[in-house]
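# An overview of the molecular structure
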Amino acid sequence: MSSRRIEFVIAEDPPKRLDKAVSRDVPEAATLSRTRLARLIEAGSLQVDGAVVQDAKARVAEGAQITILVEEADESHIGPEDIPLDVIYEDEDLIVVNKPVGMVVHPAPGTPSGTLVNALLHHCGDNLSGVGGVKRPGIVHRIDKETSGLLVVAKSDAAHQGLAAQFEKHTVERYYRAICYGVPDANDPRLRGVKGTSFERGNILKLTTQLARHKHDRQRQAVLFQGGRHAVTRARIVESFGTPGVAALIECWLETGRTHQIRVHMTHAGHGLVGDPTYGGKRKLAAKSLTPAGIAAVQSFPRQALHAAVLGFVHPVSGEEMRFDAPLPQDMTDLIETLRQPAQ
């Protein structure tokens, strides 16, 4: 297996630990993440003044000569599959795709093939420079199988590091469109009484809670107010449907990015998403609130009506500000058109 040789000198006033000093001083062009460097040290691929050092906590002095041998990226164990992709943007470092409903992002025991990663391995081919030492796309965020919309995926180690840092700092712009039961309006006294809810100027609903796995169902998330992970969602009404309003098209945006966050938060507020099999459930709608076709369309909608519509971030290599918008998928568009029909 071929390898590349990276050489540099430890600069003045180095951190006490070898791994931190190397991470600070390794040339940016090497595109080695802290995790990758730690693995290389552990594997015996790093030398200090010609001697192999495998202790990440070892001391290193200013002026020490560092040599790292980096093997070329291995082929991924995941197989490429010729699956069509809706590519919104692509360059040598990253790719933005509009994921369709029904596609899982990453292979798992229950879905070993047919995933976005399988499709990307085929689409990108030899253009993957290696993430973590393996030729694979770098998944930095995910959306549920039955949620459609935008995802950015790293094609290089440098992009993977940069994107992961932005998601960790919650600086990535993410807007979702959803269709929920009821109308989450500030004038609703019930909603104002729900713990964790508040309203901001412009009739913007703010949900602030903790989230954690449900005690009795590991596939679900639960709202907590002690323990768990901090989660903040905001939502505003785009359009309401029915007389009186029994459903709404809403725009949601995330201050944090937790599993099922929008779905569980909107359910907590009493406005679960139409079609959500896990949280939303099915609700009986007043016969005269919508047309019979509208009621039937809501009751039969086969998945959570949720779409990742807008994705904005700073390009991790070029520094350019990037923002992408994906239109609603056909099933949500059809549902909205049906809901707009006036009841007789």
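Rules and cut-offs
In this convention, every chain numbers its residues from 1, walking through the sequence in written order. Only residues with pLDDT of 70 or above have their local features reported here, since the model is predicted, and side-chain atom pairs are shown and tallied only from 80 upward, although totals for entire chains, interfaces and linings are computed over all residues. Only heavy atoms go into the side-chain values, all of them from the structure, while hydrogens and water stay out. Note on conventions: DSSP H or I runs of at least 4 residues are helices, E runs of at least 2 residues are strands, and numbering of each starts at the N terminus. Only protein chains enter the calculation, and the probe is 1.4 Å; a residue is then buried if its accessible area is under 20% of its type maximum, exposed if over 50%, and partly exposed in between. For accessible areas, the Shrake-Rupley method is used with a probe of radius 1.4 Å. Any residue's cover is judged against the shown protein chains and nothing else. Counting rule applied: Lys, Arg positive; Asp, Glu negative; His and chain ends not counted. A charge is said to be at NZ when it belongs to Lys, at CZ for Arg, at CG for Asp and at CD for Glu. Each axis is a line fitted through C-alpha atoms, taken for helices only over the stretch in contact, and angles between the N-to-C directions span 0 to 180 degrees. What sets the label is the angle itself: under 35 degrees gives roughly parallel, over 145 gives roughly antiparallel, 65 to 115 gives roughly perpendicular, and the rest give oblique. The handedness criterion is simple: a crossing whose near helix is rotated anticlockwise from the far helix by less than a right angle is left-handed, and one whose near helix is rotated clockwise is right-handed. Should any heavy atoms of two residues lie within 4.5 Å, those residues are counted as being in contact. Gly is put with the polar residues, along with every residue not named as nonpolar or charged; the nonpolar set is Ala, Val, Leu, Ile, Met, Phe, Trp, Tyr, Cys and Pro, and the charged set is Asp, Glu, Lys and Arg. Pairs were defined over the aromatic rings of Phe, Tyr and Trp, the Trp ring being its six-membered one, requiring ring centres within 6.5 Å. Orientation was assigned from the angle between planes: stacked under 30 degrees, edge-to-face over 60, tilted for the rest. Each nonpolar core is a collection of buried residues, namely Ala, Val, Leu, Ile, Met, Phe, Trp, Tyr and Cys, held together in the definition by side-chain atoms within 4.5 Å.

Attention now goes to the overall build of the protein. Along the backbone of the protein there are eight helices and 18 strands. Taken along the three principal axes of its C-alpha coordinates, the protein extends 85 × 45 × 40 Å. The proportion of buried residues among the 344 residues of the protein is 47%. For the protein, the exposed surface amounts to about 17,100 Å²; the carbon and sulfur share of it is 48%. One way to put it: in the protein the 41 positive side-chain charges average out to a point 11 Å from where the 41 negative ones average out.

The next point concerns the packing of helix α1 (residues 18–25) against helix α2 (residues 34–42). Two elements in contact, α1 and α2, have axes separated by 10 Å at closest approach and are oriented at 130°. By the angle between their directions, the pair α1 and α2 is classed as oblique. The interaxial crossing formed by α1 with α2 has right-handed handedness. In this structure, α1 uses L18, D19, V22 and S23 to contact α2, whose residues at the interface are R34, L37 and I41. Within the contact of α1 with α2, the residues separate by chemical class into four nonpolar, one polar and two charged.

This part is about the packing of aromatic side chains. Inspection of the entire model under this criterion finds three aromatic pairs. Aromatic pair Y175 and W253: ring centres 5.4 Å apart, planes at 35°, arrangement tilted. Placement of the pair is Y175 in strand β11 (residues 173–181) and W253 in strand β16 (residues 247–254), with a sequence separation of 78 residues. Between F313 and F324, the aromatic rings sit 6.1 Å apart at their centres with planes inclined by 35°, giving tilted as the arrangement. Taken together, the residues F313 in strand β17 (residues 306–314) and F324 in strand β18 (residues 321–325) connect sequence positions 11 residues apart. Both residues of the pair, F313 and F324, count as buried.

Attention shifts here to the nonpolar core. Counting 32 residues, the largest nonpolar core has L116, Y176, I250, I262, M266 and L273 as the members making the most contacts within it. Not counting residues within four places of it along the chain, the set of residues in contact with L273 comprises A178, I179, C180, Y181, I262, R263, M266, G280, A305 and L306. Counting residues in hydrophobic clusters, the runner-up holds 21 residues, among them A21, V22, L40 and A64.

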